[in-house]
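Per-entry structural report
Listed here are the chains, written in short residue letters.
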2 protein chains.
Amino acid sequence: MSILAVGSMAFDSVETPFGKADEVLGGSATYFSTAASFFTAVDLVAVVGEDFPQEHIDFLHQRGVNTDGLTRSTGETFRWKGSYSYDLNEATTLDTQLNVFAAFDPRLPENYRNAKYVFLGNIDPTLQLKVLQQVVRPQVVACDTMNFWISGKREALLETLKYVDILLINEAEVRQLANEPNMVKAARKVLEMGPKTLVVKQGEYGAVMFTPGAVFAAPAYPLEAVFDPTGAGDSFAGGFMGYLSSVDNVSDEAMRQAIIFGSVMASFNVEEFSLGRMRTLDISQVRDRYRKFQLLTEFKGVD
Amino acid sequence: MSILAVGSMAFDSVETPFGKADEVLGGSATYFSTAASFFTAVDLVAVVGEDFPQEHIDFLHQRGVNTDGLTRSTGETFRWKGSYSYDLNEATTLDTQLNVFAAFDPRLPENYRNAKYVFLGNIDPTLQLKVLQQVVRPQVVACDTMNFWISGKREALLETLKYVDILLINEAEVRQLANEPNMVKAARKVLEMGPKTLVVKQGEYGAVMFTPGAVFAAPAYPLEAVFDPTGAGDSFAGGFMGYLSSVDNVSDEAMRQAIIFGSVMASFNVEEFSLGRMRTLDISQVRDRYRKFQLLTEFKGVD
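The structure contained in this document is the topic of the report that follows. (Residues numbered from 1 in each chain as written. Chains lettered and ligands numbered in written order. Predicted model: local features only at pLDDT ≥ 70, side-chain atom pairs only at ≥ 80, totals over all residues. Heavy atoms only, no water.)

**Some words on the relation of the copies chain A and chain B**
The operation linking the two copies of the chain is a rotation about an axis combined with a translation along the axis. For the pair chain A and chain B, the superposition axis carries a translation of 0.0 Å, the fit reaches an RMSD of 0.0 Å, and the rotation angle comes to 180 degrees. On the angle and the small slide along the axis, the relation comes out as a two-fold axis. When the interface residues of chain A are mapped onto chain B, 100% of them are again interface residues, pointing to one common binding face. (Least-squares fit on C-alpha atoms with pLDDT ≥ 70 in both. Contact = heavy atoms within 4.5 Å.)

**As for the sheet that holds strand 6 (residues 78-84) of chain A**
All names here are of chain A. Pairing is mixed in the open sheet, where four strands are placed in the order 3-2-6-7. On the outer flanks of this sheet lie strand 3 (19-26) and strand 7 (91-97), each paired with one strand and no other. Going from strand to strand, the sheet's axes swing by 15 degrees on average, the running direction of each strand aside. In this sheet, strand 7 lies alongside strand 6 in antiparallel orientation, the contact comprising six bridges. (Pairing = 2+ DSSP bridges. Helix = DSSP H or I, 4+ residues; strand = E, 2+ residues; numbered from the N terminus. Axes fitted to C-alpha atoms, helices over the stretch in contact; angles between N-to-C directions.)

**Notes on the pattern of salt bridges**
Should the charged atoms of two oppositely charged side chains come close, the side chains can pair. Summed over the entire model, instances satisfying the criterion amount to 36 salt bridges over all chains. Here Lys153 of chain A and Asp124 of chain A are joined by a salt bridge, their closest N and O atoms 3.0 Å apart. Here Lys153 of chain A, found in the loop between helix 4 (147-152) and helix 5 (154-161), pairs with Asp124 of chain A, found in the loop between strand 8 (117-120) and helix 3 (125-133); they are 29 residues apart in sequence, far enough to count as distant. Take Lys153 of chain A: its relative accessible area is 31%, and that puts it in the partly exposed class. The buried category is assigned to Asp124 of chain A, whose relative accessible area is 15%. Asp144 of chain B is paired through a salt bridge with Lys201 of chain B; the nearest N and O atoms lie 3.7 Å apart. Remark: Lys201 of chain B occurs in strand 11 (residues 197-201) and Asp144 of chain B occurs in the loop between strand 9 (140-143) and helix 4 (147-152); sequence separation between them is 57 residues. (Salt bridge = Lys/Arg side-chain N within 4 Å of Asp/Glu carboxyl O. Buried < 20%, exposed > 50% of the residue type's maximum accessible area, 1.4 Å probe, protein only.)

**Here we look at the packing of aromatic side chains**
All names here are of chain B. By the definition in use, this model includes 29 aromatic pairs over all chains. Consider the rings of Phe39 and Tyr243, whose centres lie 6.5 Å apart with planes at 85 degrees: the pair is edge-to-face. Residue Phe39 is located in the loop between helix 1 (28-36) and strand 4 (42-48), and its partner Tyr243 is located in helix 8 (residues 232-247); the two are separated by 204 residues in the primary sequence. Look at Phe39 and you get buried, because its relative accessible area is 16%. Here Arg279 stacks its cationic end above the ring of Phe59, 4.2 Å away from the centre of that ring. (Phe/Tyr/Trp six-rings, centres within 6.5 Å; stacked < 30°, edge-to-face > 60°. Lys NZ or Arg CZ within 6 Å of the ring centre and 35° of its normal.)

**Brief notes about the pairing of strand 4 (residues 42-48) of chain A**
Residues and elements named next belong to chain A. For strand 4, a buried count of seven out of seven residues is recorded, marking the element as mostly surrounded by other parts of the structure. Of the two faces of strand 4, the one holding Val42, Leu44, Ala46 and Val48 and the one holding Asp43, Val45 and Val47 are both buried throughout. Pairing between strand 1 (residues 3-6) and strand 4: four bridges, direction parallel. Across the sheet, Ala5 pairs through a bridge with Leu44, a residue of strand 4. Where strand 4 and strand 5 (residues 65-72) come together, six bridges link them in parallel fashion. Note that in strand 5 the partner of Val42 across the bridge is Val65. In this view, the connection linking strand 4 to its parallel neighbour strand 5 by way of helix 2 (residues 54-62) has right-handed handedness. (Right-handed = clockwise from strand over helix to strand, strands pointing away.)

**Some details on helix 6 (residues 171-178) of chain A**
An α-helix turns once every 3.6 residues. As a result, residues three or four positions apart point the same way. All names here are of chain A. Of all the positions in helix 6, only Glu171, Glu173, Val174, Leu177 and Ala178 are classed as buried. Down the axis of helix 6, the buried set is contained in an arc of 165 degrees. They therefore lie on one face. Summarising the contacts, the buried residues of helix 6 are in contact with helix 4, helix 5, strand 10 (166-170), helix 7 (183-190) and strand 11 (197-201). Where helix 6 begins, the side chain of Asn170 points an oxygen toward the backbone nitrogen of Ala172, at a separation of 3.1 Å. (Arc of directions from axis to C-beta. Polar contact = N/O pair within 3.5 Å; in protein donor to acceptor, adjacent residues only side chain to side chain.)

Keep in mind these values describe shape, not function.
As structure tokens, then:
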């Protein structure tokens, strides 16, 4: 089962305590698609400018990503510049140039419209809904968003959320969306907004999944070298949705496994700048780290 | 197997977004002993002032805590005043009055000196070592400390750590002790200072245990009502050490179970001010929450 994914493609300039990278490949759709491609085919919807090199598109093709829905517009590609201090959980945005992304008007090619699995990356919720309306019969709709839309386009976001099955956002966003400091209470409020599943991304602390009937908590993989957290959340979502669509199953059991695969993909992604680690990664390493997650978390019952 | 525990006993005044409590029972040794008492007998070493009411000592006796090592000195009991904002991970100390605790000179009664399990609560590392030297043949020594001693009594602390098997401290303290921002690298450095096991307490994010051969990560229990985080770390340590001594086993398997029991005790403790929740808690509720931790964390392997 392939996944339809919409989001941003960008050039990122990033500085961390461990080094810097200039104008490297980035963007939510790029990270998501690449991570998901380890599990399934991806139909990508995004926009780039005239300056976007063919080699990046070739890389996506090699990873099994369909770019029929990738528009090349007149102008420059979206650029983001940010830095991280030792607290790698928090990026400081230094500069944002939306460029062609400002006029992004996602239109789905005919061959995308029968998608069953859909990922609405972090873009204007009005556009997220517009994408969804072009899909004939979506079965599993996952969505990301951010503080900017939660405060600035709340009504549109709440409308979009009515059609979302799985919302993947970070801790601060959950609290902001629910206007409630306690995470468990906030999660319950979010589950009344439409999504049946809420995945709370907690960066270096892992992830917690809330459904009406269960809670599942997974740690992050303890890493000795975190070089660049950029794209960790999108890689997480890519591994999560990629696995779900590969097994075409959204049971509690499958979603717990998907959380671990999401954590695995995020853990690899942060080991190098940009998508560097994804370029050398293979599925056996992914499965090996999944098993390490089992060793990391398992404990015996007591009588 | 009983545990010898040394630490502070105090009157706490605490304010959180959910209420306040004045001059209530607190102190590291109090929380530790009470939590451990659900699993094992505790031999307590601490000091209180003339103002310390008998009812608190009666409470400890009811919980199976031996107070032969509790000294009542001339003067007032240690007092701590603090507040928490919505970020319940971080306490702001408003006032500290050491009172009789300032001259604490722990001397072990004869019947304490054959202890096998020892918990050195967060006191001056010189005193921690002095306690340890009075034990004939300690088998499992656990220790807590804090930023104040890490910076102010570093040499004494490093000396004490040579005799410690299990160090239980929070994340910031690990980084400070190792002078290393990356947790995994910091843990490795701490494991070279003496302890064979490092338990990193992460508050609402759970705990991570490092040994030379393994890493174990456990989430915190997702709670809808956290009233007062005071004593959570000591309750954690009490559950952890209490379980280990009750099974008299420090294998990797037992220590993982002990981490969960520690998390269980911490999760109950924060549900009410002071030791309120511990007063009504019973062991069947403890075991029930242990099973909920299994449901919270379990996931299936993949082929």
